[in-house]
Amino acid sequence: MTKTSRARHSLREEAQEVLRQHFESAPGPRSRFLWWDAGGHLRDVVRRACQELDVPFVEEEHPLAFRQWVAEQGASPSDEPDEVVWYVPDAPRDRDWFRDVRHMGGIVEKSIEDLAADLYGIKTWQLRISTTDRPVSDRLAAILLDNLRGSSHPTLQQLQGRLVIQADEGIIEYLLRDGWQMLPRTGDKVETVRSLLEDRGVPGLSSDEDPEAMVDAVRHWAVAGWLSQAGMPDKAFPDAIADSDLGYAYRRLKAVLREDLQSKMFGTYQHRYWDEVIDQIEDPWTLTKCPVDGALDERLWMEWAADFEAERFEACREHAAERSDALREHTGRQDESVDKGTPPWIRVWRQAAALADLAHRYETWDQRDAPVHTLYADREEGSWQIDAAVRRIIVSGTPEQELPSGHPARESLAYHRERLVETEYLDYLRDLGNEMETALAQGDLVDDNLSSAVHFWSDHEKELGAGNEALFFYLDALRLDLARELADQLQARSDDSDELDLNVEESSRLGVLPSETEFGMAAVLPGRPKSYEVRLDNGALNAYRNGSPLNADKRRKLLEEEGWAVASDDPSGWSQTRVAYYSKEIDDYGEASMQDIERRLAERVRTLADEIFDRIRKGDWNRAYVVTDHGFVLLPEDAQFEDLTPPGGDVKRRRVAAEDLSDDGPGVLLTGERVPELFSYLSSPVRLLLDPQHRFKKQGIPDSRYYHGGALPQECILSFLKIEAA
């Protein structure tokens, strides 16, 4: 709302207009109004407005006293005046009162602050320069009455300045938040402010200081107060500061920062204030919870960078997380998510913690004596968390670019981020691919912790049989890390809900190879495992059920024959008790457009969690399943590909299928005969790539960071979900 420069008229005229509008909108010919006036400062204003309108003004200290007044008028309502204003010099405060007034008129709840704000077309909280919960004082009310009578009225800025100077309302908070800004600069007024600050205990003010110097003194003092509260010895500051009430200074600044929900004011206190004092501290991490003074933030960052270079990653993660949490807490953001709208100082430290965690995982993921699928998919220690971390770090952007030009994080954070999400990530993918190639060649994959996707339907045959209601979500390209985020968000939604209690159970599955939709979706359709087959037919690799080739239409028909309604954009599809739903948005992101894909993936998981939760909450289902066809590899933006010449056969970017594939060649050759317990469904040999930067040449396939079809764990090790309502 645009602030009106000057008041439209006087307080009396505004009160008169308020009453006139209420009388004109009264429901009947007779009307009475009760005016609640918190503080009672408008008594004479409302009385004079009533005189101008020729309306009785009746004042009582308690609203129930008006019963006696009504009784004194006569035996029936017609004995009362046609219009009357009752006045109580207090706020309602949930008290009982003569409720009949609701049927014969109405209520006006306006204090002098409310009425004054109306004059300028602003909200009441915008009237005072300093936000405060304190009630209107007699002094402040007198200033409003004096300035808003007659025909000449101050501008809003003039009025706010007078309220600060004359009423002494929050002068320190105002200077901490807004600087001098709307305060007058005439000599006597400047001296008045200086005197008020001295009375409040602000040290080090001299009689010849200009307004900006006074603002700087107040801010230095308040920052010193917070440093002192965090553990800086008072004796580290100049004597005048050390001898002042630093606790009071801290409380004033803390109150101001808690009011700020944007980054502008918080940025004010990331300027450098006490460089020479902070340089003296031996261990700056003792001050990590202090959210102010850019000199402290820069010193902490230099310590963090030194630890990072020394590969003390756990200490780096703990320090950065503690710093980020402190900055969020002291600016009232502890319950908010951290996104690109969060102040950059918070996001920088959040990303620093993520990078330290990622660096630690790079060092340790392959040091455990475990099968490759356990190294990758273990819920707590698996390297799938590397993929999730890389994606989240990219989503968090480049917050250091918003820091002041001299902040050391501007260079070091960018360097470490680029190294860890590009070079190190490719190294990790290659190493993981080597582990996977060995496991595939030896058939050393499926165990109690990893079963085949082909067996999913038979494993849940009773639950998915006729007569059992269920929701079945087929989500294309739901990579393992995305599936686990979905599971976590569903469980969190349940924990926060009073309407629905969910239990989310996960199972890791080896998806069908090649890891493509045609094969992966066909594997999780109704039918026994032995009825599923992948084979070459007229030179093309196809999926079959009971000898019939499958495509999207036939998958839908097979589900419908088994009693499943396949939901689409038509809402009526959700009216059945057994519903299957397909979503291919995630795969579309990668195949159609790579623009901002990491952020879009994160948002898609959130919308899926909302949709699944709401479907179960609103519908007749107490059980739902989430399955997928394949995962994907998402390479860094500047990754280079090596195009390989494939042998003759059915070629896609990450696989080639033919009857006469030789044993030599890149990647791994899979056949049903070689490892029947894993690949009995493969009736034709296929060669799959594992090196993340390898692909087979194929005309019409553009360079892209996103792909699947090969045998990296990110492409074929999947997480399926079973969701049950209590």
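Predicted model, so just to flag it, every value in this text is computed and none were measured. (Residues numbered from 1 in each chain as written. Predicted model: local features only at pLDDT ≥ 70, side-chain atom pairs only at ≥ 80, totals over all residues. Heavy atoms only, no water.)

K.L.:
What exactly am I supposed to notice about the overall build of the chain here?
P.N.:
Per the secondary structure count, the chain includes 28 helices and 22 strands. The C-alpha atoms of the chain give 36 Å as radius of gyration, which overshoots the globular expectation for 726 residues (27 Å, by more than 25%). Taking all 726 residues of the chain together, 53% fall into the buried category. Contacts in the chain between residues at least 24 apart in sequence constitute 72% of all its contacts with a sequence separation of at least 6. Here the chain carries 88 positive and 139 negative side-chain charges, and the mean point of each set is 4 Å from the other. (Helix = DSSP H or I, 4+ residues; strand = E, 2+ residues; numbered from the N terminus. Rg over C-alpha atoms; globule rule 2.2 N^0.38 Å. Buried < 20%, exposed > 50% of the residue type's maximum accessible area, 1.4 Å probe, protein only. Contact = heavy atoms within 4.5 Å. Lys, Arg positive; Asp, Glu negative; His and termini not counted. Charge placed at Lys NZ, Arg CZ, Asp CG, Glu CD.)

K.L.:
Would you take a moment to explain the sheet that holds strand β17 (residues 655-657) for this structure?
P.N.:
Whether parallel or antiparallel, the strands of a sheet pair through hydrogen bonds between backbone atoms. The 4 strands lie next to each other as β16-β17-β19-β18, forming an open sheet whose pairing is antiparallel. Only two strands of the sheet have a single partner each, and these edge strands are β16 (650-651) and β18 (668-670). Relative to strand β19 (residues 686-688), β17 is paired through 3 bridges, and the arrangement is antiparallel. Directly across from A657, in β19, lies its bridge partner V686. (Pairing = 2+ DSSP bridges.)

K.L.:
In this structure, what is going on with the side chain of T288? I would like to understand it.
P.N.:
The residue T288 is located in the loop between α14 (275-278) and α15 (294-309) in this model. Those residues in contact with T288, other than ones at most four positions away along the chain, are L300, H319, E322, R323 and A326.

K.L.:
Explanation requested: helix α1 (residues 11-24) in the structure shown.
P.N.:
Along an α-helix, a turn takes 3.6 residues, which lines up residues three or four apart on a common side. Relative to the 20 Å expected for 14 residues at 1.5 Å per residue, α1 spans 20 Å between its end C-alpha atoms, a close match to the ideal helical length. Those residues of α1 that sit buried are L11, E14, A15, Q16, V18, L19 and F23. (Expected span 1.5 Å × (residues − 1).)

K.L.:
Help me understand helix α2 (residues 43-53) in this model?
P.N.:
Those residues of α2 that sit buried are V45, V46, A49 and C50. Projected down its long axis, α2 shows its buried positions confined to an angular sector of 135°, all on one face. Looking at the buried side of α2, the elements it contacts are α1, β1 (31-36), β2 (57-59), β3 (83-88), α5 (112-120) and α6 (138-147). Count one or two residues on from α2 and you reach D54, which has phi positive near 60°. (Arc of directions from axis to C-beta.)

K.L.:
Even after reading the chapter, I still don't get the layout of surface pockets, so can you show me in this structure?
P.N.:
Empty space among the atoms becomes visible once a probe the size of a water molecule is rolled across them. Counted as a void, the largest pocket has a volume near 950 Å³. For the lining of the largest pocket, the residue count by class is 8 nonpolar, 5 polar and 15 charged. (1 Å grid on protein atoms, 1.4 Å probe; cavity = no way out; pocket = protein on both sides within 12 Å on 5 of 7 lines; lining within 4 Å. Points joined across faces, edges and corners; volume = space filled by probe spheres on them. Nonpolar A, V, L, I, M, F, W, Y, C, P; charged D, E, K, R; others polar.)

K.L.:
Before we go on, may I ask you to explain the sheet that holds strand β9 (residues 540-545) in this structure?
P.N.:
Strands sit in the order β8-β9-β10 across an open sheet of 3 strands; the sheet is antiparallel. Each edge of the sheet is formed by a strand with only one pairing partner; in this case those strands are β8 (532-537) and β10 (548-549). Both β8 and β9 contribute to a ladder of 6 bridges, which runs antiparallel. Looking at β9, one finds that D537 is bridged to A540.

K.L.:
What exactly am I supposed to notice about empty space enclosed by the protein here?
P.N.:
With the rule as written, the count across this model stands at 3 cavities of 30 Å³ or more. Space inside the largest cavity adds up to approximately 60 Å³. Residue contributions to the lining of the largest cavity peak at 4 residues, all from helix α19 (residues 384-395). Of the residues contributing to the lining of the largest cavity, the split by class is 4 nonpolar, no polar and 5 charged.

K.L.:
Can you walk me through the pattern of salt bridges in this structure?
P.N.:
For side chains bearing opposite charge, pairing can occur when the charged atoms are close. The final tally for this structure, using the stated rule, is 50 salt bridges. Linking R93 and D90 is a salt bridge whose minimum nitrogen-to-oxygen distance equals 2.3 Å. Residue class for R93 comes out exposed when judged on its relative accessible area of 57%. The shortest N-O distance in the salt bridge between R535 and E533 comes to 2.7 Å. We classify E533 as partly exposed; its relative accessible area is 22%. Taken together, the salt bridges that share partners define one network made up of R391, R392, R479, D481 and E485. (Salt bridge = Lys/Arg side-chain N within 4 Å of Asp/Glu carboxyl O.)

K.L.:
What is the right way to look at unusual backbone geometry in this model?
P.N.:
Peptide bonds are, in most cases, trans, and in most cases residues other than glycine have a negative phi. Cis geometry marks the peptide bond from L513 to P514; its omega dihedral reads 5°. Here P514 shows up in the loop between β7 (502-510) and α23 (517-523). In this model, D596 sits at a positive phi of 55°, which is unusual for a non-glycine residue. Inspection of the secondary structure puts D596 in the loop between α25 (585-592) and α26 (597-618).

K.L.:
Would you take a moment to explain the pairing of β7 for this structure?
P.N.:
Residues in a regular strand project their side chains so that they alternate between the two faces of the sheet. Here 2 bridges tie strand β5 (residues 451-452) to β7, and the two strands are oriented parallel to one another. Each bridged residue has a counterpart across the sheet, and for S451 the counterpart in β7 is R509. With 9 bridges joining them, β7 and strand β22 (residues 717-725) adopt antiparallel strand pairing. Paired with R509 across the two strands is L718, which belongs to β22.

K.L.:
What am I meant to see in the environment of W301 here?
P.N.:
Examined against the element boundaries, W301 turns out to sit in helix α15. For the pair W301 and F613, spaced 312 residues apart in sequence, the C-alpha separation works out to 41 Å. A distance of 2.7 Å separates a polar atom in the side chain of W301 from a polar atom in the side chain of S412. (Polar contact = N/O pair within 3.5 Å; in protein donor to acceptor, adjacent residues only side chain to side chain.)

K.L.:
Can you help me understand the packing of α15 against helix α20 (residues 409-442) in this one?
P.N.:
For any two helices packed against each other, the geometry comes down to the angle between their axes and how far apart the axes lie. One way to put it is that α15 packs onto α20 with a least axis distance of 10 Å and a crossing angle of 30°. Looking at the two axes, α15 sits roughly parallel to α20. Once α15 is placed against α20, the crossing between them reads as left-handed. Contacts between α15 and α20 involve W301, W304, F308 and E309 on the former and, on the latter, A409, S412, L413, H416, R419 and L420. Of the residues that constitute the contact of α15 with α20, the class distribution is 6 nonpolar, 2 polar and 2 charged. (Axes fitted to C-alpha atoms, helices over the stretch in contact; angles between N-to-C directions. Parallel < 35°, antiparallel > 145°, perpendicular 65-115°, else oblique. Left-handed = near helix turned anticlockwise from the far one by under 90°.)

K.L.:
Hey, could you run me through the environment of T268 in this one?
P.N.:
Within the secondary structure, T268 sits in helix α13 (residues 264-268). As for T268 and D293, which are separated by 25 residues in sequence, their C-alpha atoms are 8.8 Å apart. Those residues in contact with T268, other than ones at most four positions away along the chain, are R219 and Y273.

K.L.:
What is the right way to look at the side chain of Q714 in this model?
P.N.:
By the element assignment, Q714 lies in helix α28 (residues 713-716). Contact partners of Q714, with chain neighbours within four places excluded, come to Y376, D387, Y428, L429, L432, R479, G631, F632 and V633.

K.L.:
So what exactly am I meant to see when it comes to the packing of aromatic side chains here?
P.N.:
Two numbers describe a pair of aromatic rings. These are the distance of the centres and the angle of the planes. Per the counting criterion, the structure on display carries 33 aromatic pairs. Here W457 and W564 contribute two aromatic rings whose centre-to-centre distance is 5.9 Å and whose plane-to-plane angle is 70°, an arrangement assigned as edge-to-face. With W457 in helix α21 (residues 456-459) and W564 in the loop between α24 (552-561) and β11 (565-567), this residue pair connects regions lying 107 residues apart in the sequence. On the basis of relative accessible area, W457 is assigned to the buried category, the value being 6%. Arranged with centres 4.9 Å apart and planes meeting at 50°, the rings of F472 and Y474 form a pair that is tilted. Exposure class is identical for F472 and Y474. Each is buried. Of the aromatic side chains, those joined through ring pairs into one cluster are F456, W457, F472, Y474, W564, Y582, Y625 and F720. (Phe/Tyr/Trp six-rings, centres within 6.5 Å; stacked < 30°, edge-to-face > 60°.)

K.L.:
I keep staring at the environment of R419 and nothing clicks. Help me out?
P.N.:
Here R419 lies in helix α20. Residue R419 is classed as partly exposed on the basis of its relative accessible area of 25%. Ignoring anything within four residues of it in the chain, the contact list for R419 reads F308 and E424.

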